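Breakdown of the fold
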Amino acid sequence: MLEEQYQKIDELDQQLAALFEQRMAVVDEIAQIKFDNQIGLTNIQREKAVMDQRLAAVEEPKFEPYIVDLYQTMILIAKQYQVKKMKALKEQAEA
């Protein structure tokens, strides 16, 4: 009964995972640049711009709050990763 929908979700999830991995590779580059240039972790203006741009792209208004949740979570994950990477870089530099 739901097999077709589940298959669609599975296919979309594969694409999302690949895109997320690409996104995190860029986050890794950003962490390196922030470390090298002693740039702070949080850029409130950038976060707001990202959220505004993503919301502007939403075609179905009923999904807007979920897009907000999705991007808030992705930004949090990116920051967590950056903190971990920058800490490791700092420890490496001090060794």
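Keep in mind that what you see is a predicted model, and the values were worked out from it rather than measured.

1. Regarding the pattern of salt bridges
Across all of its chains, the model carries four salt bridges by this definition. Ionic pairing is found between Lys85 and Asp28, a salt bridge with its closest N-O pair at 3.0 Å. Placement of Lys85 in helix 3 (residues 64-94) and of Asp28 in helix 1 (residues 3-36) is noted, with a sequence separation of 57 residues between them. According to the relative accessible area criterion, Lys85 is buried, its value standing at 18%.

2. As for a nonpolar patch on the surface
A contiguous nonpolar patch, built from Met1, Leu2 and Tyr6 and spanning about 410 Å² of accessible area, is present on the exposed surface. Mapped onto the secondary structure, Leu2 falls in the segment before helix 1.

3. Structural notes on helix 3
Compared with an ideal rise of 1.5 Å per residue, which puts 31 residues at 45 Å, helix 3 spans 45 Å between its outermost C-alpha atoms and is within 8% of the ideal. Contacts from the buried residues of helix 3 go to helix 1 and helix 2 (44-56).

4. Some details on the confidence of the model for the protein chain
Of the residues in the protein chain, 100% have a pLDDT of 70 or more, and the chain-wide mean is 97. The element-level mean pLDDT for the protein chain is lowest in helix 2, coming to 95, with helix 1 highest at 98.

5. A look at unusual backbone geometry
Positive phi is not limited to glycine here, since Gln38 has a value of about 50 degrees. On the secondary structure map, Gln38 appears in the loop between helix 1 and helix 2. The class for Gln38 is exposed, based on a relative accessible area of 76%.

6. Describing the side chain of Lys85
One polar contact links Lys85 to Asp28, side chain to side chain, over a distance of 3.0 Å. Contact partners of Lys85, with chain neighbours within four places excluded, come to Asp28, Ala31 and Gln32.

7. Observations concerning the side chain of Gln82
Take Gln82: it is sitting in helix 3. Side-chain polar atoms of Gln82 contact the side chain of Lys34, separated by 2.9 Å. Once residues within four sequence positions are removed from consideration, Gln82 is found in contact with Val27, Ile30, Ala31, Lys34 and Leu41.

8. Re the packing of helix 1 against helix 3
At their nearest, the axes of helix 1 and helix 3 sit 9 Å apart, and the two run at 45 degrees to each other. Of the possible angle classes, the one that applies to helix 1 and helix 3 is oblique. For the pair helix 1 and helix 3, the crossing hand works out as right-handed. Here Phe20, Arg23, Met24, Val27, Asp28, Ile30, Ala31, Gln32, Lys34 and Phe35 of helix 1 come into contact with helix 3, specifically with Tyr71, Met74, Ile77, Ala78, Tyr81, Gln82, Lys85, Met86, Leu89, Lys90 and Ala93. Classifying every residue of the contact of helix 1 with helix 3 gives 14 nonpolar, two polar and five charged.

The rules behind these values
- Residues numbered from 1 in each chain as written.
- Predicted model: local features only at pLDDT ≥ 70, side-chain atom pairs only at ≥ 80, totals over all residues.
- Heavy atoms only, no water.
- Salt bridge = Lys/Arg side-chain N within 4 Å of Asp/Glu carboxyl O.
- Helix = DSSP H or I, 4+ residues; strand = E, 2+ residues; numbered from the N terminus.
- Buried < 20%, exposed > 50% of the residue type's maximum accessible area, 1.4 Å probe, protein only.
- Patch = residues over 30% accessible without salt bridge, like charges linked within 9 Å, V, L, I, M, F, W, Y side chains within 5 Å.
- Areas by Shrake-Rupley, 256 points an atom, 1.4 Å probe, with all protein chains shown as cover.
- Expected span 1.5 Å × (residues − 1).
- Contact = heavy atoms within 4.5 Å.
- pLDDT = per-residue confidence, 0-100.
- Polar contact = N/O pair within 3.5 Å; in protein donor to acceptor, adjacent residues only side chain to side chain.
- Axes fitted to C-alpha atoms, helices over the stretch in contact; angles between N-to-C directions.
- Parallel < 35°, antiparallel > 145°, perpendicular 65-115°, else oblique.
- Left-handed = near helix turned anticlockwise from the far one by under 90°.
- Nonpolar A, V, L, I, M, F, W, Y, C, P; charged D, E, K, R; others polar.

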